[in-house]
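Close look at the chain arrangement
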Amino acid sequence: MRNLKKWLFSILAVICLCTFGGVVTKLAYDFNTDLNQQKWYKDTAPKITYDENDDNTDNGILDLILENADCVGWVRIENTKIDYPIMQTKDNPQYYLRRNFQKEYSYIGTPFVDAACDMKNGPNLIVYGHNMRDGTMFAEVLKYRQKDFGVNNPIVKLITPTGCRRYVVIAVARVQNDDAWYSYTDTVDETIFGELKTHIESKSLYTINGTMEYGDSFLTLSTCEYSKTNGRLIVIAKRSEGSC
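Because the structure is a prediction, the values reported are computed rather than measured. All residue numbers refer to positions counted from 1 along the written sequence of the respective chain. Per-residue local features are limited, in this predicted model, to residues with pLDDT of at least 70; the limit for side-chain atom pairs, both in listing and counting, is 80 or more; totals at the level of whole chains, interfaces and linings are taken over all residues. The side-chain figures draw on all heavy atoms in the structure; neither hydrogens nor water molecules are used.

Regarding helix H4 (residues 190-203)
Inclusion rule: The helix and strand labels rest on DSSP assignments: H or I over at least four residues marks a helix, E over at least two residues marks a strand, and numbering proceeds from the N terminus. Between the first and last residue of a helix there are one fewer steps than residues, each counted as 1.5 Å, and that sum is the expected span. Categorising residues by exposure relies on relative accessible area from a 1.4 Å probe, with only protein chains included: less than 20% of the type maximum marks a residue as buried, more than 50% marks it as exposed, and the intermediate range marks it as partly exposed. In this description, one arc is meant: the one made by directions from the helix axis to the C-beta atoms. Two residues qualify as a contact provided that any one of their heavy atoms is within 4.5 Å of a heavy atom in the partner residue. A 3.5 Å cut-off defines polar contacts: any pair of N or O atoms within that distance qualifies, except that in protein one atom must be a possible hydrogen donor and the other a possible acceptor, and neighbouring residues in sequence count only when both atoms are side-chain atoms.
The terminal C-alpha atoms of H4 lie 20 Å apart, and with 14 residues this matches the ideal 20 Å at 1.5 Å per residue to within 8%. Looking at H4, one finds that the buried residues are Phe193, Leu196 and Ile200. Buried residues along H4 cover an arc of 60° about the axis, so they all sit on one side. Within H4, the exposed residues directed more than 90 degrees away from the buried face are Thr191, Glu195, Thr198 and Ser202. Where the residues of H4 are buried, they touch strand E6 (163-176), strand E7 (204-207), strand E8 (218-224) and strand E9 (231-240). Of the residues that open H4, the one with a side-chain oxygen 3.1 Å from the backbone nitrogen of threonine 191 is aspartate 189.

This is the structure in structure tokens:
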């Protein structure tokens with residue numbers, strides 16, 4: 001009986017060690033994959049350029065689309081780490097929640113556009129990104145909780161195959177993951193827009209750079225914000241005709 005117990009204990013110990021080793025190996029692999037992905041972002045960002053005098057000049061996005069047809073653009077905010085490709089998969093909305101640009105598993109994922117949004121003509125492009133503890137991905141969106149940061153860093157650039165769109169931050173709000181603003185992905189009538197505007201103003205930490213007007217085009221950056229259950233921080237920027 002004692003020998004049987006020793007044998008069972010040995011088998012159990014081996015199983016535990018193998019399981020632990022497998023978990024550690026998987027975590028190490030995922031960590032290395034995410035590190036390599038961050039390096040890829042940093043190496044790729046300088047290749048994404050634009051000519052302010054010629055929106056039809058190749059800006060590097062077409063090369064990314066050749067690598068991965070799910071890429072629809074690149075989002076950039078000066079003075080932050082936000083300098084990433086953005087993806088969209090209409091048939092699988094959260095495909096890039098845990099995948100990198102190369103479609104490999106990635107804990108940090110890749111920023112992606114709401115599947116319901118029309119990149120060309122949509123009134124509100126909603127881009128989701130993870131709030132990572134190491135400050136990467138959309139973690140620095142949280143800096144916009146401070147009005148001074150929003151005032152000093154109001155420009156969000158969206159570089160697409162046809163040029164660079166310039167957006168100016170107009171409102172920052174704490175919401176939840178089912179907030180009405182997330183439903184604003186298509187054209188609505190003026191009455192509904194007015195309701196959405198009033199709703200966002202009531203939720204906003206602050207508003208700057210004018211007001212929302214019916215017919216404006218918006219870019220919304222969304223990330224997790226843990227001051228409430230299922231909390232999100234959204235930064236709403238309005239498209240501007242100024243130089244990118």
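Right, picking up where we left off after that structure.
Some thoughts on the pairing of strand E2 (residues 83-87)
Stated precisely, the cut-off is as follows: In this analysis, strands are considered paired if DSSP registers two or more bridges between them.
Across the five residues that make up E2, a large majority, four, are buried. As paired elements, strand E1 (residues 71-76) and E2 share five bridges and run antiparallel to each other. Looking across to E2, one finds that valine 75 is bridged to tyrosine 84. Linking E1 back to E2 in an antiparallel pair, the connection comprises six residues, with asparagine 79 at a positive phi of about 70°.

Brief notes about the pattern of salt bridges
As a reminder, the rule being used: The term salt bridge refers to a pairing of a side-chain nitrogen on Lys or Arg with a carboxyl oxygen on Asp or Glu at a separation within 4 Å.
Enumeration according to the criterion identifies eight salt bridges in this entry. Residue lysine 39 is joined to aspartate 43 by a salt bridge in which the shortest nitrogen-to-oxygen separation is 2.8 Å. Of the two residues, lysine 39 and aspartate 43 both sit in helix H1 (residues 2-44), four residues apart, roughly one turn of that helix. Classification of aspartate 43 by relative accessible area gives partly exposed; the value is 41%. One salt bridge connects glutamate 78 with lysine 157, and the closest N-O pair in it is separated by 3.6 Å. Here lysine 157 lies in strand E5 (residues 155-160) and glutamate 78 lies in the loop between E1 and E2, a separation of 79 residues in the sequence. A relative accessible area of 44% means that glutamate 78 is categorised as partly exposed. With relative accessibility at 12%, the residue lysine 157 sits in the buried group.

Side note on the layout of surface pockets
Note the threshold: A 1.4 Å probe that fits but cannot get out identifies a cavity on a 1 Å grid over protein atoms alone, an open set with protein on both sides within 12 Å along at least five of seven lines counts as a pocket, and a residue lines either if it has an atom within 4 Å of a point. Grid points are joined across faces, edges and corners, and a volume is the space filled by probe spheres set on the points. Only Asp, Glu, Lys and Arg are considered charged in this grouping, and only Ala, Val, Leu, Ile, Met, Phe, Trp, Tyr, Cys and Pro are considered nonpolar; every other residue, Gly among them, is considered polar.
Estimated volume of the largest pocket: approximately 380 Å³. What lines the largest pocket is a set of 20 residues, and nearest its centre among them are Gln94, Leu97, Phe112, Tyr128 and Arg232. Ranked by residue count, the leading element in the lining of the largest pocket is E8, at three residues. Classifying every residue of the lining of the largest pocket gives eleven nonpolar, seven polar and two charged.

Observations regarding the side chain of asparagine 153
Position of asparagine 153 among the secondary structure elements: in the loop between helix H3 (147-152) and E5. Under the relative-accessibility criterion, asparagine 153 is labelled buried at 9%. The contacts of asparagine 153, once residues within four sequence positions are left out, are Glu78, Asn79, Tyr144 and Val169.

Focus on the packing of aromatic side chains
Our working definition: In this analysis, rings of Phe, Tyr and Trp, with Trp reduced to its six-membered ring, are considered paired at centre separations within 6.5 Å, and the interplanar angle assigns stacked below 30 degrees, edge-to-face beyond 60, and tilted for intermediate values. Consider the ring centre and the ring normal. A charge sits over the ring if Lys NZ or Arg CZ is within 6 Å of that centre and within 35 degrees of that normal.
The tally for this structure, following the rule as stated, stands at twelve aromatic pairs. Judged by centre distance (5.9 Å) and plane angle (20°), the rings of tyrosine 128 and tyrosine 182 are stacked. With a gap of 54 residues between them, tyrosine 128 in strand E4 (residues 124-128) and tyrosine 182 in the loop between E6 and H4 connect regions that are remote in the sequence. For tyrosine 182, a relative accessible area of 11% translates into the label buried. Here the aromatic rings of phenylalanine 193 and phenylalanine 218 are separated by 6.2 Å at their centres, their planes lie at 15°, and the arrangement is stacked. Separated by 25 residues along the polypeptide, phenylalanine 193 in helix H4 and phenylalanine 218 in strand E8 bring together distant segments of the chain. The same class applies to phenylalanine 193 as to phenylalanine 218, namely buried. Against the face of tyrosine 95 rests arginine 99, its NZ or CZ located 3.9 Å from the ring centre.

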